[in-house]
Amino acid sequence: MEYMKPEEIIELFKEKFNGSVTNSKIEVKTAGLKKNSYSLIWLEIELKDFKEAVKLLGTIQFPHFAIISGDDLGEQIELTYYFSLYYGERFKEISLNITTFLPKEDLKISTITDLIPGAQTAEREMIEMFGIKVEGLPDSPNLFLPKDFAKDTYPFRRDEKGIYPLSKNGKYVGDNIVKREEEVKKIE
């Protein structure tokens, strides 16, 4: 097998998606007694090309999928999908993390479970915690939240749909979960 270098992988994505890769960087870290190095690639790609970017990973080597992380940035939700290339290959493995942004007025993304079936649990977590619609993923009962959890309330959101939404002055508002402001201990 021929191994691509991190710089070659970034160049491949930039050539294929011509302008849709909005940010990229390579980090080299060392670990262990022998200080062996490994690389992390960070790519930001526009939502319209996200699924094609995951498909492109499969042309390099079938990627190992780890997890999806999300963050409520105010007007949009940031999703980062964590993959590994050359998984299990001693001193060759590359961590490749792809970030995309979903505007809150249209929280939709296509499933990648047709490409990587193991992503289903992580995608379901994003549905429950952020209220994202993962297109192509069948509706299922809650996996992480209890069945009787408040409808249209999403624990990882920081807006009025979150558990403890904040007003502009920093006070808790709404009654999604908390009925009285006194019950909430604000962590500074």
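Details of the structure are given in the entry above.
Residues numbered from 1 in each chain as written. Predicted model: local features only at pLDDT ≥ 70, side-chain atom pairs only at ≥ 80, totals over all residues. Heavy atoms only, no water.

Engineer: Before we move on, can you summarise the environment of threonine 121 with the specific residues and values?
Structural biologist: Mapped onto the elements, threonine 121 comes out in helix α3 (residues 120-130). Residues threonine 121 and phenylalanine 144, 23 residues apart in the sequence, show an inter-C-alpha distance of 9.5 Å. (Helix = DSSP H or I, 4+ residues; strand = E, 2+ residues; numbered from the N terminus.)

Engineer: Can you explain the sheet that holds strand β1 (residues 21-31)? Please cite residues and give values.
Structural biologist: Across the sheet, which stays open at both edges, the five strands sit in the order β1-β2-β5-β4-β3 with mixed pairing between neighbours. With partners counted over all chains shown, the strands left at the sheet margins are β1 and β3 (64-72), one partner each. Geometrically, the sheet is characterised by an average inter-axis angle of 20 degrees between neighbouring strands, direction not taken into account. In terms of strand pairing, strand β4 (residues 76-85) meets strand β5 (residues 94-103) through ten bridges, oriented antiparallel. From the neighbouring strand, tyrosine 82 faces β5, where its bridge partner is asparagine 97. Across the sheet, helix α1 (residues 6-17) is in contact with β1, β2 (36-45), β4 and β5; its angle to β1 comes to roughly 170 degrees. (Pairing = 2+ DSSP bridges. Axes fitted to C-alpha atoms, helices over the stretch in contact; angles between N-to-C directions. Contact = heavy atoms within 4.5 Å.)

Engineer: Give a detailed account of the packing of aromatic side chains, specifying residues and quantitative values.
Structural biologist: A full pass over the atoms with the stated rule returns six aromatic pairs. Between phenylalanine 50 and tyrosine 81 the ring centres are 4.5 Å apart and the planes differ by 50 degrees, which places this aromatic pair in the tilted class. One end of the pair, phenylalanine 50, is in helix α2 (residues 50-60); the other, tyrosine 81, is in strand β4, and 31 residues separate them in sequence. Per residue, the accessibility class of phenylalanine 50 equals that of tyrosine 81, and both read buried. (Phe/Tyr/Trp six-rings, centres within 6.5 Å; stacked < 30°, edge-to-face > 60°. Buried < 20%, exposed > 50% of the residue type's maximum accessible area, 1.4 Å probe, protein only.)

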